[in-house]
Amino acid sequence: MNTTNASASWDPTWEAIFASRAWGKYPPEPVIREIMRKFSRVPDRKAVRVLDLGSGPGANTWFLAREGFSVAAIDGSPSGIAQNRARLTSENLTADLQVGDFTQRLPWDDASFDAVLDNASLCANPMRSMLSCAAEVKRVLKPGGMFISLNFTERTWGYGLGQPGEDPGSMRNISEGPLGNVGYIHFLSHADVDRVYAGFTDHSIERNSYTMGNQLHLIELWVVVCRKPGA
């Protein structure tokens, strides 16, 4: 993979976003819960390798590195990765940071990671890209490795408020809400979830939600935790 320029399938909207304004600094509660539930008691956290998929400026990378895990991260935005690196450096933390299109072949060997984390990055792609990325996640996970993936449901504010995308349930140029003007978003149905994570086993599928505008608008995420088949 070219690690200096994202390939053409990556949405350049995110480079414009990360280059122009601050993004979230802290990971969402489901990420913290699932990572620490699985790995908080391991005797040597440095021996646990975690990939942060679509890391952006690095809220999750920072959390994982601070907690002592060996971390890698990839994003198509050079500005996002630069901010990620600067934040880590400011606290003497390290990670293997790559600029690249994670829907293409990931720049790591087979069975490299104990866990892969996706915090609403898959859903910024068409279904064909989500499926290819899921296959790559499966490849780079160790047998029995965990995939933690959060993506927006079809009940989330913004659904139906943009131009139809490539797939049913997808939108471009959403007109309002926190997903407004962020490019392509696929709001996953339960059938979409079943399709994307079909290659994994031991699925835990939950919904995590909150409201905005004095309960006027719903933001809802699928929280999927599953494993690569194997040991």
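Residues numbered from 1 in each chain as written. Predicted model: local features only at pLDDT ≥ 70, side-chain atom pairs only at ≥ 80, totals over all residues. Heavy atoms only, no water.

Visitor: Even after reading the chapter, I still don't get the pattern of salt bridges, so can you show me in this structure?
Guide: When their charged atoms lie close together, side chains carrying opposite charge are able to pair. Evaluated as defined, the whole model comprises 12 salt bridges. Across the pair R66 and E91 runs a salt bridge whose closest N-O atoms are separated by 2.9 Å. Here E91 lies in the loop between α4 (78-90) and β3 (96-99) and R66 lies in helix α3 (residues 59-66), a separation of 25 residues in the sequence. Residue classification places E91 among the partly exposed residues on the basis of a relative accessible area of 31%. Put simply, R139 and E136 hold a salt bridge, and the shortest N to O gap is 2.8 Å. Placement of both R139 and E136 in helix α5 (residues 127-140) is noted, with a separation of three residues, approximately one turn of the helix. Salt bridges sharing common partners tie together E29, R33, E34 and R37. (Salt bridge = Lys/Arg side-chain N within 4 Å of Asp/Glu carboxyl O. Helix = DSSP H or I, 4+ residues; strand = E, 2+ residues; numbered from the N terminus. Buried < 20%, exposed > 50% of the residue type's maximum accessible area, 1.4 Å probe, protein only.)

Visitor: Would you take a moment to explain α4 for this structure?
Guide: Its 13 residues place the ends of α4 18 Å apart at the C-alpha level, agreeing with the 18 Å of an ideal helix rising 1.5 Å per residue. Taken together, the buried positions of α4 are occupied by S79, G80, I81, N84, R87 and L88. Backbone geometry just downstream of α4 places N92 in the positive-phi region, at approximately 60°. (Expected span 1.5 Å × (residues − 1).)

Visitor: Can you walk me through the packing of α3 against α4 in this structure?
Guide: For any two helices packed against each other, the geometry comes down to the angle between their axes and how far apart the axes lie. The N-to-C vectors of α3 and α4 enclose an angle of 30°; their axes lie 9 Å apart at closest approach. The angle between α3 and α4 places the two elements in the roughly parallel class. Viewed along their axes, α3 and α4 form a crossing whose handedness is right-handed. Contacts between α3 and α4 involve A59, T61, W62 and A65 from the former and N84, R87 and L88 from the latter. Partitioned by chemical class, the residues of the contact of α3 with α4 number four nonpolar, two polar and one charged. (Axes fitted to C-alpha atoms, helices over the stretch in contact; angles between N-to-C directions. Parallel < 35°, antiparallel > 145°, perpendicular 65-115°, else oblique. Left-handed = near helix turned anticlockwise from the far one by under 90°. Contact = heavy atoms within 4.5 Å. Nonpolar A, V, L, I, M, F, W, Y, C, P; charged D, E, K, R; others polar.)

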